[in-house]
Amino acid sequence: MGLRLGDIAPDFEADTSKGPIKFHEYIKDSWAILFSHPDDYTPVCTTELSAVALSSADFASRGVKLIGLSANDVESHKGWIKDIDALTQGSDPLDFPIVGDKDRKIATLYDMLDHQDATNIDNKGLPFTVRAVFIIDPKQTIRLTLTYPASTGRNFPEILRVIDSLQLGDKHKITTPANWNKGDKVIVHPSVQGEKVKELFGDDVEVVYPYLRFTSDPSTKKEKA
Ligand code: BEZ
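Note that this is a predicted model, so its numbers are computed, not measured.

1. Things to note about the site of the ligand
In the region of the ligand, the neighbouring residues are Pro 38, Thr 42, Pro 43, Val 44, Cys 45, Arg 131 and Ala 150. Residue Val 44 places a main-chain N or O atom 2.7 Å away from an oxygen atom belonging to the ligand. Arg 131 is positioned with one of its side-chain polar atoms (N or O) 3.0 Å from an oxygen atom of the ligand. Coverage of the ligand by the protein amounts to 76% of the 270 Å² it exposes when considered alone. In terms of residue count, helix α2 (residues 43–54) provides more of the shell around the ligand than any other element does, three residues in total. Of the residues assigned to the shell around the ligand, the class counts are five nonpolar, one polar and one charged.

2. Details of the environment of Asp 217
Summarising the element assignment, Asp 217 is placed in the segment after β11 (212–215). In the structure, Asp 217 is positioned 71 residues away from Leu 146 in sequence and 25 Å away in space, judged by C-alpha atoms. Beyond its immediate sequence surroundings of up to four residues, Asp 217 is in contact with Leu 168, Trp 180, Lys 182, Gly 183, Asp 184, Lys 185 and Val 186. A polar contact of 2.7 Å, which involves the side chain of Asp 217, links it to the side chain of Ser 219.

3. So, the UniProt feature "active site" (unreviewed entry) in the protein
The sites that carry the UniProt feature "active site" (unreviewed entry) are, in the present numbering, Cys 45. Here Cys 45 is to be found in helix α2. Setting aside residues no more than four positions away along its own chain, Cys 45 makes contact with His 37, Pro 38, Asp 39, Trp 80 and Arg 131.

4. Some details on the side chain of Ser 165
Among the secondary structure elements, Ser 165 is positioned in helix α6 (residues 156–171). Exposure remark for Ser 165: the relative accessible area of 18% places this residue in the buried category. In contact with Ser 165, other than residues within four places in its own chain, are Thr 176 and Trp 180.

5. Comments concerning the pairing of strand β10 (residues 206–209)
Of the strand pairs in this sheet, β10 and β11 are connected by three bridges, and their pairing is antiparallel. For Glu 206, the partnering residue across the bridge sits in β11 and is Phe 214. Where β10 folds back on β11, the antiparallel hairpin that results is connected by two residues.

About the cut-offs
- Residues numbered from 1 in each chain as written.
- Predicted model: local features only at pLDDT ≥ 70, side-chain atom pairs only at ≥ 80, totals over all residues.
- Heavy atoms only, no water.
- Near = heavy atom within 4 Å.
- Polar contact = N/O pair within 3.5 Å; in protein donor to acceptor, adjacent residues only side chain to side chain.
- Areas by Shrake-Rupley, 256 points an atom, 1.4 Å probe, with all protein chains shown as cover.
- Helix = DSSP H or I, 4+ residues; strand = E, 2+ residues; numbered from the N terminus.
- Nonpolar A, V, L, I, M, F, W, Y, C, P; charged D, E, K, R; others polar.
- Contact = heavy atoms within 4.5 Å.
- UniProt positions renumbered as here; feature names shortened; annotations may be inferred.
- Buried < 20%, exposed > 50% of the residue type's maximum accessible area, 1.4 Å probe, protein only.
- Pairing = 2+ DSSP bridges.

Written as structure tokens, this is what we have:
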């Protein structure tokens, strides 16, 4: 069985475009995103990495460390990064590590290999990695997994949105509704009942059903929720 939400993200040592890393040491007490790519010098992956480089300030402001992985060696990554930096016109050079995983050791550890597309293999017949995403919290616990096919580039604003939701939910007793974005109303956590509702949210509670109660985004107000 693959990795599940709540599992500790497996530790590993790897060579990366920024030199060797030990994954848990790299994460330390930060949030992290580990995301994989099928192959270097491929069009969709190139657009994804330039999009992440251009959003690096949005990840940094949330305390999130980035680490990519692609099923090639580090020398190949370094050449490819030059193309990506040319695409972003040097405004946001790609400054996070990309793991060299030519032998698929880490891809296997994280169950990132493509099993549905038999044609998705390299010239040695090894399966490529899919577009997996792991959001990992400062306790090194996996909080989200996403798996996209090679044909479809990921939506990184969605990953930032999930981070906002997870970080807010860890701090306050709330959950977030469909299509929520930072600043929108949030949902009072179902475990908050009785006097606790007023204690945490005051009069700022809109009861739609007894099980669906909205309140303002706690990060927009000075509350103890
Ligand atoms: C791409 O990034 O464009 C890609 C990579 C592997 C297979 C198909 C597309």
